[in-house]
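Understanding the architecture of this molecule
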Amino acid sequence: MPLTRRVSLCSALVLGLCAASVWPSSRIAVAARQAAPAATAAPAAASPILQSLQRLKQMGTVLYVAAHPDDENTQLIAYFSRVRLMRSGYLSVTRGDGGQNLLGPEFFEKLGVARTQELLAARRLDGGRQFFTRAIDFGYTKDYREALDTWGHQDVLSDVVRVFRTFRPDVVVAGFSTQPAVGQHGQHTASAVLAGEAFKLAGDPAAFPDQLKTLAPWKPVRLLQNAGGFGGRGGPVPANALRVDIGGNDPITGESLARIAGESRSMHKTQGFGNFAANAGRGGGPNLQALVQLDGTPATQDPFDGIDTTWGRVPGGAAVTPAIDAIIAAFKPDNPAASVPALLALRARIAQLPTDPLVEEKRGDLDRILQLCLGLSVQTTVPDAARVPGELLAMTHTVTVASAVPVQWTAMRYPATGHQTAINAALRTGQASTRAATERIAASTPLTQPYWLREDGTKGLFHVDDPTLIGRPENPPVFPVDFVFRVGGQSLVVHDEPVQRTTGADGAAASRRVDVIAPVSIAFASDVRLFAPKADKTVTVDLLAARANTTGTLQLDLPAGWTATPTSRAFRLATAGSHDDLTFSVTAPDRADAATLKAHVMVGGVRYDTEHFEINYPHIPPQLLQRHARSKIVSLDLAIRGHNLGYLPGAGDDVPQSLREMGYDVRMLNDGDLTADGLRGLDAVVIGVRAFNTRRDLAAHLPALFEYVNAGGTVVTQYNVATGLLTNTLAPFPLKLSQDRIVDETAAMTWLAPDHPAMTTPNRLTPADFDGWVQERGLYFPNEWDNAFTPLFSANDPGEAPLRGGLLVAKYGQGYYVYTGLAFFRQLPAGVPGAYRLFANLVSLGR
């Protein structure tokens, strides 16, 4: 690869796009490709290496703190990272697990994994670092105190303190006000409260002293709040607030910060922001942001007033800045290698400074600058990125150097095994040097799983055994490798990890990290299995072989009161990729019950009990989840009427599978099926969540759908978001949505029409049918509707007026039209018995 390509790649590195210094070079390259801005030519005189040297001088750090993915001010992050050249980061208290997904059926922890990667993709564009706590986004809450209580106030506060002590920000910017406001998400307010509390505690050695085994106290200088200008989220802006212009252009690419911020925000595609960049401004005009002082030393002109952001803050570091200035003055863009001797001298000087986390990070930055000036690239590839514990990992290490500076490749190190292999090869300019190596993945290596999902946590907090992982966005490499070189009498270590090179469906090159997998994965045929009390049903478990000639036994792990015949079955899977469906006859207890069924296999004396699930979206790297395999088994009295249902998907949910489990034949529909012929023979039609927000052709087909109802059909429409509707016609009668929601999943439900068929037929509902609901009662309820609609329930969150729009039923001609904001899309996949009984009544109307 020519040096010019290496220099352009550096722009990703120096702009903080690979800001976590632990990233191996292979991932830096991937990040650089993904981070390439929309075709805007860089100014001819601009040099990413020069900018990286300027960044090396800058010792200031700013951390933005808010609650969720998409809460961050991407332009503020880009401004500090790309223009001010500071270490800039975003601490998202949660991973967005409780939100909705406009791309597919992944919810809860799966959605959190996708949104984690969306945040990392955003940071690769705006130049920031990404951090998290262990807090779970358990859904919308109207009270920040509920958020803190659910998370565990001290637990999540300790995580925020840990991130402060790890990243060591000089300035902390809270994205929200600490004062609750009407309509403000309680988790938003809680994030600001936590930022303020951590600001006071992070520098106190008596606070969370267990962290001080590996970290040191750190006291930020000031705490600000991003008020007014970013979505108006901060309320009124005081007259004495700092006004910071974060407009302008990136000095390397020439692209406007507004455009970069829009591209970054557009990574939040599961939230419907995929087109955000198209609406972002292309010009570099002013963008005044208001920053309100909350705590710390006051500032009058700039967030960093009075803060030493030079090497002078480091004992013995005063001479570093002049040395960098001299390198900058002598830098030759057409011959970066000419700076290598001065960089090595600077490297030796910095090595003499006292140990300090920021200095260590800057040493890593300097090493990457040295690597880029040498034109030194490394790569480790494997033919297959999936490895079973105990297997060999065959690797090919490749090194090239573009400059004529003498570089000796001395060794390869493998930290996971403690092995080191001597190389001792002099690199030749422009010629690839390759070495093959084989190492064994330790039999004790944990299976790949996001570290925060390895074990079950609480409703509000993930369980993490290793505290050093807390705050990190993702797992470290399974099998890191270190390339060791000798340059000018100094040792240079380049960190990397093995990747499998692949080509996507679009022909683009991609890389896949090494994953540690089970030789056999387990998947229940259904996430929820419904039983009548004392009834027998077949439970099917699908086994998938990752390796040929795999034999073992599969055993069900039954909850109390449930029995199975047999309890275990032997299997043999002849080829890698082969499946085997093993069945068991499971008997429910003679009572209503909801329990969890688990299973495990024994292979070669080793127990495995995990699923194999991949999240694949084109805007993020593939994500492998291997949670403990499980299925919800529910014993309940459930009757249905009718048999054939049509399902028109919206933004994505798992409701169709739940309907099939109830005993219905479900035919998936598209807009073109909404005709008299297309709907003929269907007992009811169910419309998926947010269909009126996402299906552009739905409005044109509504007359045929309404005529289907008029002729005796039933339509059940699930929730839509009040903003972004593609049509205001949601029903055959007037209906208007609101932002109203009931977030208390235990809120008492008051019967408004107890004798309505939806309450009695074929299942007579009782208050117990609303026990065990998860996350919320419902969302985006209608607040205005025609008299033709009958509201069936009212309910409210504590201290609020009752809401009556959660479930509305209208008779239209010979049929029924139902609109519901109740969160069936969460309840049915969670196996909530009463949700099944109520939904069965809705689709049975008129039958």
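All of the points below concern the structure found in this document. (Residues numbered from 1 in each chain as written. Predicted model: local features only at pLDDT ≥ 70, side-chain atom pairs only at ≥ 80, totals over all residues. Heavy atoms only, no water.)

The strand order across the open sheet formed by four strands is S19-S21-S25-S23, and the pairing between neighbours is antiparallel. Every other strand in the sheet has two partners, leaving strand S19 (520-524) and strand S23 (563-565) as the edge strands with one partner each. Each neighbouring strand pair of the sheet contributes to a mean axis angle of 35°, computed without reference to strand direction. (Pairing = 2+ DSSP bridges. Helix = DSSP H or I, 4+ residues; strand = E, 2+ residues; numbered from the N terminus. Axes fitted to C-alpha atoms, helices over the stretch in contact; angles between N-to-C directions.)

A few words now on the packing of aromatic side chains. One pass over the full model with this rule turns up 23 aromatic pairs. Centroid distance Tyr414 to Phe479: 6.1 Å. Interplanar angle 35°. Geometry classified as tilted. Highlighted residues: Tyr414 in strand S11 (residues 407-414) and Phe479 in the loop between strand S13 (433-440) and strand S14 (481-487), separated in sequence by 65 residues. A single burial state applies to Tyr414 and to Phe479, both of which are buried. Between Tyr451 and Trp452, the ring centres sit 5.1 Å apart and the planes meet at 85°, which makes this aromatic pair edge-to-face. In this pair, the class of Tyr451 matches that of Trp452, namely buried. The structure contains a cluster of three or more aromatic residues connected by ring pairs, namely Trp751, Phe770, Trp773, Phe793, Phe824 and Phe839. (Phe/Tyr/Trp six-rings, centres within 6.5 Å; stacked < 30°, edge-to-face > 60°. Buried < 20%, exposed > 50% of the residue type's maximum accessible area, 1.4 Å probe, protein only.)

Right, let's talk about the pattern of salt bridges for a bit. Within this structure, the stated rule accounts for 40 salt bridges. With its nearest N and O atoms 3.6 Å apart, the salt bridge here joins Glu360 to Arg363. Of this pair, Glu360 and Arg363 both sit in helix H12 (residues 357-374), three residues apart, which is roughly one turn of the helix. For Arg363, a relative accessible area of 30% gives the class partly exposed. Notably, a salt bridge pairs Arg680 with Asp677, separated by 2.6 Å at the nearest N-O pair. By relative accessible area, Arg680 is classed as exposed at 55%. Judged by relative accessible area, Asp677 falls into the exposed class, the value being 58%. (Salt bridge = Lys/Arg side-chain N within 4 Å of Asp/Glu carboxyl O.)

By themselves these figures say nothing about function.
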